[in-house]
Amino acid sequence: MKITITREIAVSLSFLLFGAGVFYSIYSIEVVEGVNALYTQVMIVPNFVTAVLFDWRGFDTLGECLILITSVLVTGMVFGKGLFNWDFLREVYREEDGKDVDLGFTPIIKVLAVPMAVLLMVLGVVVILGGHITPGGGFQGGALISAAYVLAMVAFGRGRCPVRFTHRFLESLESFGALLFLILGLIGMILSGYYLFNIREIYGIPLFPSPPGIGDVGIIPYLNIGVGLKVLAGLSTITTLLVSHRIVSKNIGRG
Amino acid sequence: MDLQLASFITAGALVVLGLYGFFFVDNVIKKIIALSIISSGVNLTLVAMGYREGGYVPIYIPTVEFQVFSKHMAYPLPQALVLTNIVIGASMLAVMLALSIVFYRKYRTLKTSVILKED
Amino acid sequence: MDYDRFKKEMEREGSGDSVSVGAGLTGELILYSFLVTGLFLLSRIFGKVLLATVGILAIGIGLHMMPMVFRFKRENSNHIVLQLFWISIFLGAISMIIFIAGSR
Amino acid sequence: MNLLPLIVVIPLLMAIVFSYIYRSKYIRLLTLLMALVLLVLPLLGLYGPYFFGGHGVVYIEGMPFVSGILYTLNPLKETLIFTLMLIGVLVLIISTREERLSGTFTALVLMGLASVSAVILTEDLFNLYVFYEIAAITQAGLVILAGREEAYRSAFRYLLVGTMAGSILLLGVGLLLSATGSLNIVDMGRYLALKPLTPTVYGALLMLIVGLAYGGGLPPFHTLKVDLYSRTKPFVAAILQTYSKFILIALMLVILKLFGGLPIFNTTRGVLIALSVFAMVFGTVMALLQDDYRRLLAYHTVSQGGYVALGLALGTPLGIVAGIFHGINHALYKSALFIGAHIVEKIKSPYMREVGGLLLAMPTVTFLILCAKLASIGIPPFNGFQSKLLLAEAVMSADMPELVILMLIVSIGTFLYMMKAFYLIFLKPCSEEQLREYREVRISKYHIFSLGLLVLLCIVLGLYPDMVLDRLLPLGEEIAIE
């Protein structure tokens, strides 16, 4: 495909115009406080971002959980999960014998990777569980844990990885995380009539044991745990899919 | 210079640079990187919107009085939006990377004009 | 625009029977009438002599470029370079229109 | 209790379950059961607003703001969701006759249904963006399911451009958030009408138009959409085109609500009308040149999308109603046509020259497809006629008679290529041998049932258009621009 010089000029001009438009409109932003005034004055949990994320805009967070699930599903499908037709994939993965190339890294990295991975995982759990009090939350913690898993996998290769999650286990974990979120929303609906209602207490018993003086936490920690499980499983599954041939061979019915 | 204005300028520059990379670079991986740069620019725009002069991090610590805190805290809403958008960006990225792996195995090249040719 | 030349072009594309040629000719006519009607509309809304002149020029160029359908088909291909080209032109055009209209 | 969110939540829940058990033996049975459940969903909600998490309206400095996420249900949205779910049900039913059906297909269809109904229902711009992205990724996934190289390629194209357009859309949402301090569409519209416009708002408008053109398949993004529709299995294309039509309608309504009363709207209207006219003409001209039946239908979808967008872009009450009505009609007859194309592809091939004489092999299906074709052209007893007439009226009353002429010309083009396809596939004489070959292929009852139901709906809506129009008209007057 040859592009003539006239076209080059036209495309550059229009890019300049659009770029200038984008830049100008971002440059001239003047922030209006609006509904932010409410979000800064009402305290639900000490971490205000978490409060916006799970209380006021909980449904957005649900949508974003679902997009990760869809993405994992579609990534799996790109590598042959449940397709109508496998001709193209069989053609592409023709010469493969279905084995992963697991070289691993030098001993220095291997020695360092394990304690680092363990530390990261512990930190991730802390970040998830304290997401409503301290900086952090489900995404950040989940991303940390899956980073630990990826680190171990990269250092040792997929076969000899000390941290072993099977594919099926990750899938279950992910579905469980998202289902937890959806069902907590449904419980809120049954109790109050509003989907994803932040139930503070049932019969006077607070839902999550928390130290006094940090407000009514409600279901936010559970939502955090659900999101954390889903993110850790989702990101790990995606990485596994991207590095592994064996899953493809299994999917397309070979080995 | 005002910190917020500087952030907006950086964000605008990131978006425009990303658009340049997306339209003019003929390499799938570089195009995907450009897309993620656009996404970062958008995220930076959002975060910079929540900026307040001399503000606090939006996590309440009882050592400050709540009235003072709430008057000076950075706006939490844009930050929440950014968290959501990061995951959306990551999901799109994952699918596109998977597709480019498959096409690389088929064509042994990353040129967009070869992979996504007319058919 | 004579039928024979059109048929020859169609045959080169691999579909030269009478049904396809008829369809192709209709496409050509639709494109041309789109040009004409669009110019009518624009000149009525903006009401400028200049625009009318430019419009007649455009129709003339269109007549000269006939058959337009084949060029049109090439531009509508799904080659990524062409797609990105037209998307970029689209972005530039609407940003120009909106920002110019906004600055008035 | 108002069960409105269940319209979105139940498909999402079941999508997760289906993607988990995708290799189960009972997938076909479960899919059929799920289809039945889907039919009930549109009846669950009550009219009026629904506040998520119980966060209602708050007053800040005397201005009302919705603090959480707001869904509203009104007769218009209910009709749209009912159509969407109906087509989803039919597609799910047909899919059970496919070999190698797995839970991934059902999961993706459900995810798409949920996300598009969320896009229709929501009054919150960021929530709309999130579900818009889910819809984009779902559509790419549904195309990948076909598993051929072209399918992979068109999904890749769609995602590459889609990520760009999605980011641009989000930037627009962010700019509007900064300019108005809210994410609720009604609040934003109110604020924008009060304050003078800044370059930020113009930028936001520009970016929303980009998002609209991508989501709805207007030029220059139409080539991407055409690839999507023509590279997948035709019955999947039926649900794909419904998704993009309804996203188009939803985003158009958002633009009307946000910018309708502003001085900039005149220019916006010009841009949108130009885009929709381009879609109409480009779709028709390209469809005339196609040999592949699926591609022909795909381009037809683009040109009818232009009609829908034209009606909505006018901004008059009649225009909005006509546009939405045409969108609903289009979803119905176009799904019928795609299902017909699926049957044709199953019997012989999607290339029109290789088929011929199918009339003798399956007269019923031929008759039904002919009806759907007539509806798509706009012949009186069918619904296409009613909505096209209404559109022409709306365009006339908006003082643009040239566009009516153009619409007529485009309709003639539509007639020509639809009849060309009908002749080549069904009427062209064929050999005895070929006929025997056709007769060997069994057409499932499910296919004929879905086709028949859709055609029946087309006739009913054509005879009694007031059934839908009565529900749309009050809303049209509410949204319309002076």
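Residues numbered from 1 in each chain as written. Chains lettered and ligands numbered in written order. Predicted model: local features only at pLDDT ≥ 70, side-chain atom pairs only at ≥ 80, totals over all residues. Heavy atoms only, no water.

Chemist: Is there a simple way to explain the packing of aromatic side chains in this structure?
Modeler: In this description, an aromatic ring pair is defined by two values, namely the gap between the centres and the angle between the planes. Counted by the stated rule, this structure contains 40 aromatic pairs over all chains. Cluster of aromatic residues (ring-pair linked, three or more members): Phe59(A), Tyr194(A), Tyr195(A), Phe197(A), Tyr50(D), Phe52(D), Tyr71(D) and Phe131(D). The ring of Tyr20(D) has Arg168(A) lying over it, and the distance from NZ or CZ to the ring centre is 4.6 Å. Above the plane of the ring of Tyr307(D) lies Lys388(D), whose end atom (NZ or CZ) is 4.9 Å from the centre. (Phe/Tyr/Trp six-rings, centres within 6.5 Å; stacked < 30°, edge-to-face > 60°. Lys NZ or Arg CZ within 6 Å of the ring centre and 35° of its normal.)

Chemist: How do you make sense of the state of the cysteines when you look at a structure like this?
Modeler: Note: disulfide means a covalent bond formed between the sulfur atoms of two cysteine side chains. A full pass over the atoms with the stated rule returns 0 disulfides over all chains. Between Cys371(D), a free cysteine, and Cys458(D), which holds the nearest cysteine sulfur, the sulfur-to-sulfur gap is 8.8 Å. (Disulfide = S-S within 2.5 Å.)

Chemist: Can you walk me through a nonpolar patch on the surface in this structure?
Modeler: Taken together, the side chains of Ile183(A), Ile187(A), Ile190(A), Leu191(A), Ile202(A), Tyr203(A) and Ile205(A) define a hydrophobic patch exposed on the protein surface, amounting to about 760 Å² of accessible area. Here the element with the most residues in the nonpolar patch is helix α8 (residues 167-192) of chain A; it accounts for 4 residues. (Patch = residues over 30% accessible without salt bridge, like charges linked within 9 Å, V, L, I, M, F, W, Y side chains within 5 Å. Areas by Shrake-Rupley, 256 points an atom, 1.4 Å probe, with all protein chains shown as cover. Salt bridge = Lys/Arg side-chain N within 4 Å of Asp/Glu carboxyl O. Helix = DSSP H or I, 4+ residues; strand = E, 2+ residues; numbered from the N terminus.)

Chemist: Hey, could you run me through the interface of chain D and chain A in this one?
Modeler: Residue-level contacts link 70 residues of chain D with 56 residues of chain A. Summed over both sides, the interface of chain D with chain A buries roughly 5,700 Å², with 73% coming from carbon and sulfur. When the buried surface of chain D facing chain A is broken down by residue, Ile16(D), Tyr20(D) and Arg100(D) rank first, second and third, together holding 12% of it. Remark: the boundary between chain D and chain A carries 1 salt bridge. One salt bridge in this structure joins Asp124(D) and Arg57(A), with 2.5 Å as the shortest N-O distance. When residues of the side of chain D that touches chain A are traced back to their parent elements, those giving at least two are α1 (6-20), β1 (48-51), β2 (57-60), β3 (63-66), α4 (103-121), α5 (125-144), α6 (149-180) and α8 (199-216) of chain D. If you tally residues by element for the side of chain D that touches chain A, the top one is α5(D), at 10 residues. Here the residues of the side of chain D that touches chain A are counted per class, giving 43 nonpolar, 19 polar and 8 charged. (Contact = heavy atoms within 4.5 Å. Buried area = accessible area lost by both parts, 1.4 Å probe. Nonpolar A, V, L, I, M, F, W, Y, C, P; charged D, E, K, R; others polar.)

Chemist: I keep staring at the packing of helix α4 (residues 76-107) of chain B against α5(D) and nothing clicks. Help me out?
Modeler: Two measures define how a pair of helices packs: the angle their axes make with one another and the distance between the axes. Where α4(B) meets α5(D), the axes come as close as 11 Å, and the angle between the chain directions of the two elements is 10°. Between α4(B) and α5(D), the interaxial angle falls into the category roughly parallel. Two packed elements cross with a definite hand, and for α4(B) against α5(D) that hand is left-handed. In this structure, α4(B) uses Leu81(B), Thr84(B), Asn85(B), Ile88(B), Ser91(B), Met92(B), Val95(B) and Leu99(B) to contact α5(D), whose residues at the interface are Phe126(D), Tyr129(D), Val130(D), Glu133(D), Ile137(D) and Ile144(D). Here the contact of α4(B) with α5(D) is built from residues that sort into 10 nonpolar, 3 polar and 1 charged. (Axes fitted to C-alpha atoms, helices over the stretch in contact; angles between N-to-C directions. Parallel < 35°, antiparallel > 145°, perpendicular 65-115°, else oblique. Left-handed = near helix turned anticlockwise from the far one by under 90°.)

Chemist: Whenever I open this one, α4(B) confuses me. Can you help?
Modeler: Each turn of an α-helix holds 3.6 residues, which means side chains three or four residues apart point in the same direction. In this model α4(B) runs 46 Å from its N-terminal to its C-terminal C-alpha over 32 residues, within 8% of the 46 Å that 1.5 Å per residue would give. Positive backbone phi, at 55°, marks Arg108(B), one or two positions downstream of α4(B). (Expected span 1.5 Å × (residues − 1).)

Chemist: Is there a simple way to explain the interface of chain D and chain C in this structure?
Modeler: Tallying the contact residues gives 47 residues for chain D and 37 residues for chain C. The largest contributions to the chain D side of the interface with chain C come from Leu206(D), Leu289(D) and Glu402(D), which together make up 17% of the buried area. For the interface between chain D and chain C, the tally reads 2 salt bridges. Our count for the chain D to chain C interface comes out at 7 residue pairs in polar contact (both at pLDDT 80 or more). (Polar contact = N/O pair within 3.5 Å; in protein donor to acceptor, adjacent residues only side chain to side chain.)

Chemist: Got a minute to help me understand the nonpolar core in this structure?
Modeler: For soluble globular proteins, the rule of thumb is that nonpolar side chains tend to be buried together. Within the largest apolar cluster, 330 residues are counted, with the highest numbers of intra-cluster contacts made by Phe59(A), Tyr71(D), Phe105(D) and Phe259(D). In terms of residue count, the dominant contributor to this core is helix α10 (residues 234-259) of chain D (20 residues). In this structure, Ala148(A), Ala152(A), Leu173(A) and Leu229(A) belong to the second largest nonpolar core, which totals 16 residues. (Core = buried A, V, L, I, M, F, W, Y, C linked by side-chain atoms within 4.5 Å. Buried < 20%, exposed > 50% of the residue type's maximum accessible area, 1.4 Å probe, protein only.)

Chemist: Is there a simple way to think about the environment of Val42(B) in this case?
Modeler: With respect to the helices and strands, the residue Val42(B) is situated in helix α2 (residues 28-49). Along the backbone, Val42(B) and Thr84(B) are 42 residues apart, and their C-alpha atoms lie at a distance of 12 Å. Aside from chain neighbours lying at most four places away, what touches Val42(B) is Val15(B), Ser167(D), Leu170(D) and Leu171(D).

Chemist: Teacher, can you tell me more about the UniProt feature "domain: NADH:quinone oxidoreductase/Mrp antiporter transmembrane" (unreviewed entry) in chain D here?
Modeler: As recorded in UniProt, the feature "domain: NADH:quinone oxidoreductase/Mrp antiporter transmembrane" (unreviewed entry) lies at residues 123-410 of chain D. Across residues 123-410 of chain D, helical content stands at 82% and strand content at 0%; the span's end C-alpha atoms are separated by 35 Å. (UniProt positions renumbered as here; feature names shortened; annotations may be inferred.)

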